[in-house]
Amino acid sequence: MLIAEAVVAALLLTGSFFLLVGSVGLLKLPDLMTRLHAPTKATTLGIGSVLIASVVYFAAIEGRVSIHELLITLFLFLTAPVTAHMVAKAHLHRDRATAERLPPAAGGGGWATLDDDPEPGARSEPSGP
Amino acid sequence: MSLALVVLLPFIGAILPPLMIRSGRTVCATVTGSVTLSSLVLLLIHAPAVYRGEVPVVAYEWLPSLGLRFSFFADGFGLFFAALILAIGLLIIIYARFYLGRDDPMGRFYCYLLLFQGAMLGIVLSDNVLLLLIFWELTSLSSFLLIGYWRHLPEGRQGARMALAVTGGGGLAMLAGMLLLGQITGSYELTEILGQGELVRASPLYLPALLLILLGAFTKSAQFPFHFWLPHAMAAPTPVSAYLHSATMVKAGIFLLGRLWPVLAGTEAWFLIVGGTGLVTMVIAAWIALFKDDLKALLAFSTVSHLGLVTMLWGFATPFAAVAAVFHILNHATFKCALFMTAGIVDHEVHSRDARRLGGLLHLMPITGTLALVASASMAGLPPLNGFLSKEMMLEAAGHARPPAYPWLVPGLATFGALLSVAYSARYAVHVFLGPVRDDYPQHPHDPPAGMWLPVAVLVALVVLIGLFPAAIAGPIVAGASDAILGGALPDYKLALWHGITPALLMSAVATAGGLVLLALFWPVRAVRDAMPRPEAKRIFDAIVLGAANAARRASYGLHNGQLQRYVMFFVVSVLVLILVGWQTGRLDAGTREPLAAGYLAGIAWLLLLAGCIGIVAYHRQRFLALILTSLVGLIVSLAFLYLSAPDLALTQISVEVVTTILMLLALNFLPKETVAESSVARRLRDGALALGSGAAFAAIVHDVLTRDFTSISAYHLEQSKPGGGGTNVVNVILVDFRGYDTYGEIIVLGIAGLAIFALLDGALRGPAARRLARWAPDQPRAADLHPLIPVVATRVMLPLALMVGVYIFLRGHNLPGGGFISALVVAIALLMQYMASGFGWAEQRIRFDYHVLIGWGVLIAGLTGLGAWLFGLPFLTSGFDYFHFPVVGEVELATAAIFDLGVFLTVVGAVMVALANLSRIARRAEPIPVPQEPMDYTAPVPEPATTAEGR
């Protein structure tokens, strides 16, 4: 029991630490691209720890298996990267200064958000009948 | 029963002509005729009993609480009119078969005609006066359809509208009069009212009731000053004019005067108003008729004049005058209907109804000409025709009506009216049929097919026969009808050609001679008359209608100017006033409940809510920002629901929030991103004060409600949820069971809203809106990859997961938070994500079902579930549930409420997706983007706005 409590406490502490780091990062980092890392990476890790703590708590102390946390994790891991990706793309698209500092894209063809298709027409068909 | 069937048969039969017209015009006319014929036979079955002195009655309750009964009776007067309606109707049906052209939709014509016939029969056979009024208005409506039958003619449409406005308005006045009459006598049954004449005439309500009823009767029978609508109704096809405007509908007012004669007649007011109006109408209309060049207009005004004659006879209120009135109704129906038909034949053959362009037709159309001459001689009142007989009786009656002050006024004017009648009848005969044959007819005329002149011949034969043998042919009919009006005391009269040298005969001779002299002097008199100014009734009517319409428009637009802010302001101000009044006048003690501590969590949420609201006010011109802030408010509200232990509401709120935000984002794409500042500072200050005031008022109300104990129905719902509805989720049980009927109504409204979105946005794809849309260019730069790989893949992976969540929420809804509505929104969001990530075109190609049908199925399933309860003898939407044991799965509860919930689910999904699909149609029209084939696609430079066909 004591061990379980200790594990839960440790996980909660770890989670809280990363959540705090994420929030501080969101506040302190200088520009959007760097600021994006804080809530997506640190916070995801923090939430993950809290969720694991929850699983352990219910399994070891309440004595029942809870799968909600797994689902929450799954959806979180799906949504956070997509959100981060879309925010970054929108930023690239709207902020010309950032776009001009970009390195050339690997494999030629340019950045998808900014540059046109190198082989137009190869991948799409005209709109429906 | 068969008496009610007499009335109902034409209504039932009215569906036949539009169906039978496919078998040809003759079959259609035959079927219509047989409907009328069977109704006539059914009616005549009652005739022997009626003439023995019995009164067949049939009655069913309809709305007993209003005194409305479905009751009919037939006495001699009603039978006389009903037989007239059906017999002449039969002739008209035959005539119309040959009159209507190949291009005229005959099925529709006969359908309207039968509807009219049924309504007319209802008037003359109704026992209940309220039922009579229903049929009265039905004749106005069906005659509207008949007058406007040639929809392409503006005169037809205007004439129909005028007739409806005048007669329908008069009908409303009569409704009030009839209600007064019912109040006086305590019954709405004519058979009971008719015996209480003394009571009615002594009542203080007599005069208002009389005036209102007369207003109805005079408008219907085109009495002065309401005579103007009848000539304009002549835009109708001639069979309609012959039927409605000579034989039947215009006689409805006359009929009613006769019907209520025993109750209302006999007072000074009756004599002055009815007799005076009749006399004035008779003379004025005859004067106008004489100078009308259009044959139908001439006949129309002559009809008005003759109706005035009958009205005058009722007005005399003597038994002899009443008999004369009945006799003249019969005679007028025969000769005037025949005359209208001959006018129709002339129009049909010559293609002109202008008396100035006609003449000499007797030589070219000998049959029609002869018939017309005989009929017009009867109208003029020449012996030995039936018109002569009743005109003699009229003059006789007029000779006895001598108010002491002006003893010669009535006889003199009556003779003058008869003189004019001779003049216009002679004009119809001389200027159209006699004289030399001309060579400038628009079309060379000859006699029409027998089908057209045979009905005329039948009527003219009656004209002659009644004239020669009045006592033998018309005697019993007139006696029966008069007997019903007079209540058994027939006066001393004799229907005969020769009464000896009487004052009436002398007056008649003067009228005939004078009329012929007047016609001989026609052109000089006309020159004098044309030089005089005359009021034009149609122009006055149009001015009145225009004035009324303008006043109504000013009143409505004064209140409803289309500005939504204004409506909201009216709402807010009136609620605020109500609250303030309540505050001032009510008694309010301090609350008794202890307030709870808010906690810091609630405090933070409250601050966020406040920040969101202030943000919206500050940034409401930037539409995207305002939308995001609105959704912040919604999010906090759903958190508040969760905090206050209402998970169902929280789930609903958050899913509604997501769906609306996404849909609004899609719609905002096509709108300017910023709103222009339009309101002045003073106005904003005023609105701000209103908003703060109402917010404070509501806060106070909520505070007062929450700080005291009160009982509500919720305890009952909580208690009954499991035993009564079989579910532990009270919210869901209330929605699908306790208040299922409300929910049913709501999903119907939602479905209608979905279709309304379709209708509104569909309009943007047509006409000028579509051209503007095709010119639309995005106001923001587009990314080169419109459908980035990561969201595409993520949403596709999520789709089955999200659908599964939807199913899960649906299934558990009855016992745990969830249900059809939330689950539908979850499913809709899952589909919305596909549209957002992979593009409209891609998603549309894959989601192939029709959302309109989905809405229909949803409402249908919910309704059928409700109807299912009837199979068990339970009220609509009673739900049933039971527990079943399944192998492996275990015990499962199955409730019919779940099927109802499925209906809710389908309707909600359908409505959301209809909105989405239509936004996406607009988007694809505005920005025709190629449909991607692979998850990752670059989109080549956006193509020119092409005119590609609409894809689905």
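On a predicted model such as this, the values are computed, not experimentally measured, just so you know.

1. Re the overall build of chain B
In terms of helices and strands, chain B carries 42 helices and five strands. Classification of the 952 residues of chain B by burial places 44% in the buried group. For chain B, restricting intrachain contacts to residue pairs at least 6 apart in sequence, the fraction spanning at least 24 positions comes to 78%.

2. Quick word on the overall build of chain A
When its secondary structure is counted, chain A shows five helices and one strand. Listing each helix as α and each strand as β along chain A from the N terminus yields α-α-α-α-α-β. Within the span of chain A, comprising 129 residues, buried residues form 9% of the whole. Considering only residue pairs separated by 6 or more positions, chain A has 54% of its internal contacts joining residues 24 or more positions apart.

3. Observations regarding the nonpolar core
Residues and elements named next belong to chain B. Counting 203 residues, the largest nonpolar core has L313 and A338 as its most contacted members. The element best represented in this core is helix α18 (residues 319-350), accounting for 20 residues. When sequence neighbours within four positions are dropped, the list of residues in contact with A338 reads L371, A375, V456, L459, V460 and V463. Judged by nonpolar contacts, the second largest core, of 61 residues, contains I734, L854, L877 and V904.

4. Describing helix α31 (residues 623-643) of chain B
All names here are of chain B. Given a rise of 1.5 Å per residue, 21 residues ought to cover 30 Å, and the 30 Å separating the end C-alpha atoms of α31 matches this to within 8%. Burial in α31 covers these residues: L629, I636 and S638. Along its buried surface, α31 packs onto α30 (599-619) and α32 (647-668). S645 occupies a position one or two residues after α31 and carries a positive phi of about 60°.

5. Let's talk about the environment of B:D483
Residues and elements named next belong to chain B. Along the chain, D483 turns up in helix α25 (residues 475-486). By the C-beta count within 10 Å, which is 19 here, D483 ends up partly exposed. The sequence separation of D483 and F77 amounts to 406 residues, and the corresponding C-alpha distance is 8.0 Å.

6. Points about unusual backbone geometry
Residue and element names in this part refer to chain B. Of the consecutive residues F224 and P225, the connecting peptide bond is found in the cis state with omega at 5°. Inspection of the secondary structure puts P225 in the loop between α11 (206-220) and α12 (229-232). One non-glycine residue, A317, lies in the positive phi region at around 60°. In this fold, A317 is placed in the loop between α17 (295-316) and α18. You will see that S645, though not glycine, has its phi angle at about 60°, which is positive. On the secondary structure map, S645 appears in the loop between α31 and α32.

7. Examining the pairing of strand β2 (residues 68-73) of chain B
Within a regular strand, the side chains alternate between the two sheet faces. All names here are of chain B. Strand direction decides the pairing type here: strand β1 (residues 57-63) and β2, joined by six bridges, are antiparallel. In the strand pairing of β2, Y60 is matched with F70. Joining the antiparallel neighbours β1 and β2 is a turn of four residues, in which G67 adopts a positive phi near 80°.

8. Structural notes on the packing of α31(B) against α32(B)
Residues and elements named next belong to chain B. Running from N to C, α31 and α32 cross one another at 170°; their axes reach a closest spacing of 8 Å. By the angle class used here, α31 and α32 are roughly antiparallel. Judged by residue contacts, R623, F624, L627, S631, G634, L635, V637, S638, F641 and L642 of α31 engage P647, L649, A650, Q653, I654, E657, T661, M664, L665 and L668 from α32.

9. So, the packing of helix α6 (residues 106-125) of chain B against helix α7 (residues 129-147) of chain B
Residues and elements named next belong to chain B. As a packed pair, α6 and α7 sit with axes 8 Å apart at the nearest point and diverge in direction by 155°. Between α6 and α7, the angle falls in the class roughly antiparallel. With respect to the hand of their crossing, α6 and α7 are arranged in left-handed fashion. In this structure, α6 uses Y112, L113, L115, F116, A119, M120, G122 and I123 to contact α7, whose residues at the interface are L132, F135, W136, L138, T139, S142, S143, L145 and L146.

10. Description of the confidence of the model for chain A
Residue and element names in this part refer to chain A. For chain A, the average pLDDT comes to 82, and 87% of its residues sit at 70 or higher. Mean pLDDT in chain A bottoms out at strand β1 (residues 124-125), which sits at 46, and peaks at helix α1 (residues 2-28), which reaches 92. Taken as a whole, residues 121-129 scores under 50 in pLDDT and shows 28 contacts with residues more than four places along the chain or in a different chain.

11. Thoughts on the environment of A:E5
Residue and element names in this part refer to chain A. Tracing the sequence through the fold places E5 in helix α1. With 13 C-beta atoms packed within 10 Å, E5 lands in the partly exposed category. Separated by 51 residues in the primary sequence, E5 and V56 have C-alpha atoms spaced 8.9 Å apart.

Criteria and thresholds
- Each chain carries its own residue numbering, running from 1 in the written order of its sequence.
- Each chain gets a letter, beginning with A, and each ligand a number, beginning with 1, in the order they are written.
- Where local features are concerned, this predicted model is filtered to residues with pLDDT of at least 70; where side-chain atom pairs are given and counted, the filter is 80 or more; whole-chain, interface and lining totals use all residues.
- Strands here mean DSSP runs of E at least two residues long; helices mean DSSP runs of H or I at least four residues long; both are numbered from the N terminus.
- Think of it as a crowd count around each C-beta: if 20 or more other C-beta atoms lie within 10 Å the residue is buried, if 12 or fewer it is exposed, and in between it is partly exposed, with C-beta placed from the backbone throughout.
- A pair of residues counts as a contact when their C-beta atoms, built from backbone coordinates, are within 7 Å of each other.
- Connectivity within a nonpolar core runs through C-beta atoms within 7 Å, and the core itself is a set of buried Ala, Val, Leu, Ile, Met, Phe, Trp, Tyr and Cys residues.
- To estimate the expected span of a helix, subtract one from its residue number and multiply by 1.5 Å.
- A pair of strands counts as paired when DSSP detects no fewer than two bridges linking them.
- In this analysis, axes come from line fits to C-alpha atoms, helices being fitted only over the stretch in contact, and the angle between any two N-to-C directions falls in the range 0 to 180 degrees.
- Roughly parallel means an angle under 35 degrees; roughly antiparallel, over 145; roughly perpendicular, 65 to 115; everything else is oblique.
- For any pair of crossing helices, the crossing counts as left-handed if the nearer helix is rotated counterclockwise from the farther one by less than a right angle, and right-handed if it is rotated clockwise.
- The pLDDT value expresses, per residue, how confident the predictor is, ranging between 0 and 100.

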